[in-house]
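# Descriptive structure summary
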Amino acid sequence: MHPLLLLALFPLAEAKGWLSPVSYDNIDYYEIDIKPVDIEIYPGKKARHVGYNGTVPGPTFKMKQGREAVVRFINHADRANSVHLHGSYSRAPFDGWAEDTTEPGQYKDYYYPNAQAARTLWYHDHAVGHTAENAYYGQAGFYILEDDQKNSLGLPSGNYDIPLALAAKRYNADGSLWDPEANGETTSVFGDVIQVNGQPWPYLAVEPRKYLFRFLDTSVSRSFQLYAEADKKVGTRIPFSVIGSDAGLLASPVSTTQLDISMAERWEVVFDFSSYAGQNITLKNTGNVAADDDFDGTDRVMRFMVGNSVSDNTNNGPLPATLRSVPLPPAKTTVDRSYEFMRSNGEWQVNNVVWSDVQDRVIAKPERGAVERWELVNSAGGWSHPIHIHLIDFQVVSRTGGTRGVLPYEQTALKDVVWLNKNEKVQVLARYGPWDGLYMFHCHNLIHEDHDMMAALNVTALKDLGYDEKTTFIDP
Ligand code: C2O
Ligand code: CU
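Residues numbered from 1 in each chain as written. Chains lettered and ligands numbered in written order. Predicted model: local features only at pLDDT ≥ 70, side-chain atom pairs only at ≥ 80, totals over all residues. Heavy atoms only, no water.

## Examining the domain arrangement of the protein chain
The cut-off we apply is this: In this entry, domain limits derive from an automatic or database-based domain assignment. It only takes one pair of heavy atoms within 4.5 Å for two residues to be counted as in contact. Buried area, as used here, totals the accessible surface that two parts lose on assembly, with accessibility defined by a 1.4 Å probe and the loss added over both. Salt bridge, as used here, is a side-chain nitrogen of Lys or Arg placed within 4 Å of a carboxyl oxygen of Asp or Glu. In protein, a polar contact requires one atom able to donate a hydrogen and another able to accept it; more generally it is a pair of N or O atoms within 3.5 Å, and residues adjacent in sequence count only if both atoms are side-chain atoms. In this description a helix means any DSSP run of H or I spanning at least four residues, a strand means any run of E spanning at least two, and both kinds are numbered starting from the N terminus. Gly is put with the polar residues, along with every residue not named as nonpolar or charged; the nonpolar set is Ala, Val, Leu, Ile, Met, Phe, Trp, Tyr, Cys and Pro, and the charged set is Asp, Glu, Lys and Arg.
Splitting the protein chain by domain gives domain 1 (22-146), domain 2 (158-306) and domain 3 (337-463). For domain 1 and domain 2, the distance between their C-alpha centroids amounts to 22 Å. Between domain 1 and domain 2, the contact holds 27 residues from the first and 34 residues from the second. For the domain 1 face of the interface with domain 2, the top three residues by lost area are T120, Y136 and F142, together amounting to 29%. Linking domain 1 with domain 2 are 1 salt bridge. Here R79 and E181 are joined by a salt bridge, their closest N and O atoms 3.3 Å apart. Where domain 1 touches domain 2, the interface holds 12 residue pairs in polar contact (both at pLDDT 80 or more). Going through the elements one at a time, β3 (47-52), β8 (119-125), α1 (131-136) and β9 (140-146) are the ones with two or more residues in the side of domain 1 that touches domain 2. Residue composition of the side of domain 1 that touches domain 2, grouped by class: 14 nonpolar, 6 polar and 7 charged.

## Structural notes on the coordination of the copper ion (ligand 2)
Which entries qualify depends on this criterion: In this analysis a donor is any N, O or S atom within 2.8 Å of a metal ion (3.2 Å for sodium, potassium and calcium), and since water is not included, sites may seem incomplete. For the exposure calls, accessible area comes from a 1.4 Å probe over protein chains only, and a residue counts as buried if that area is under 20% of its type's maximum, exposed if over 50%, partly exposed in between.
Within the protein, the atoms that donate to the copper ion (ligand 2) are H385 (ND1), C443 (SG) and H448 (ND1), at distances of 2.0 to 2.1 Å. Expressed as a motif, the donor residue spacing for the copper ion (ligand 2) is H-x57-C-x4-H. Look at H448 and you get buried, because its relative accessible area is 0%.

## Some details on unusual backbone geometry
Note: most residues except glycine have negative phi, and most peptide bonds are trans. A cis amide bond links V56 with the next residue in sequence, P57, at an omega value of -5°. Locating P57 in the fold gives a position in the loop between β3 and β4 (58-64). For the peptide bond that leads from G433 to P434, omega is 10°, which places it in the cis range. Along the polypeptide, P434 turns up in the loop between β29 (425-431) and β30 (437-443). Look at A264: it is not a glycine, yet its phi comes out positive at around 80°. You will see that N315, though not glycine, has its phi angle at about 50°, which is positive. Within the fold, N315 resides in the loop between β21 (300-306) and β22 (337-344).

Here it is in structure tokens:
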């Protein structure tokens, strides 16, 4: 048995919005220091991490739609970084472009428009060739955008709205993090220690009422299929409601007993503990089905310890039947482009292209405003490839070839990353824009991304503008 596999020894750490800005009339200014920090994962042993403001995960931003922000990221680490706000339609190229790196001792200011509807975003490193390493050592955090429409729905809020960042990591016998780069890892880091908000297999004391949990999988390589069981009734999965995806609210709540979540995906879920007063509920992972390996210990994630009384009944009513009118793209049946995510000649590739091949890596040029249907193909049985397309929100319109179709809670979801599991073929529909420019799209298994399963799309009518599409950043 894994030495840390004593479920629920330690409490969940908060990942809350304690960052306070310097506020000007129309804009908020923040500073984040990227710096090393020693964290005890194994009691009495220190593990060196490198985190935003020295915390892992980083501090949570809580932002309001319509309030712009500038964030200065200061690099006090010993390697270069590039910060990406995953889920934001920030303008290219100043949003984590892989080669737009900040060296140790430098800082960079990032502008975030915060104009989108309420959604759960996250910020993480994207430095060329070192994204896995940087994110794994701690450069990942929540960025929560709120708006009036969502706040009017009476969903669980305040102390009952809890971001949960999942991570799977691997440690050496001396308690330090197992280093994927130093060990020459080129396929995956699954990790046998499951952490939530940094804490391995934590517990969370909850009240017998509704909670909103924002799940995010920050793992380098591990996907999850989550379900919950009361310890008194093992074998009976507890239903919960999915209300939001990567890009904000669904059209209406979708009840499920299993949540599939791959790397970089966000799902907002409402759990109702009202009939479990005094009980323990364990959140579990189906393990082998979801991951590409079978490490011991990965079947359990965290535990909810349900108390006996409710201290605050605000926003604890029935969920609204309608959450919002989701701006889904107009239907289109023809496939515009098809991309195969593959391994060839010892490299991870997108249609035979790798990121380091600068002359060929721009493999899609959708016109701004165009609606396109893309097919994403994983013809191999060995690996999952969660595919992230920067800038846009897409709808998952079909999934074939594997064991799943489009999931019930994906039907009205807008997403920016989709789990392409073994043998699956997924079609996604999106309107390209709102900006022109070069954006990345890639596998979010960060080891695959670094080695070199990443390509670029260029949203524009380039030829008309006379740009050299292969080398020039477009900043209209
Ligand atoms: Cu979450 Cu290209 O990144
Ligand atoms: Cu991959």
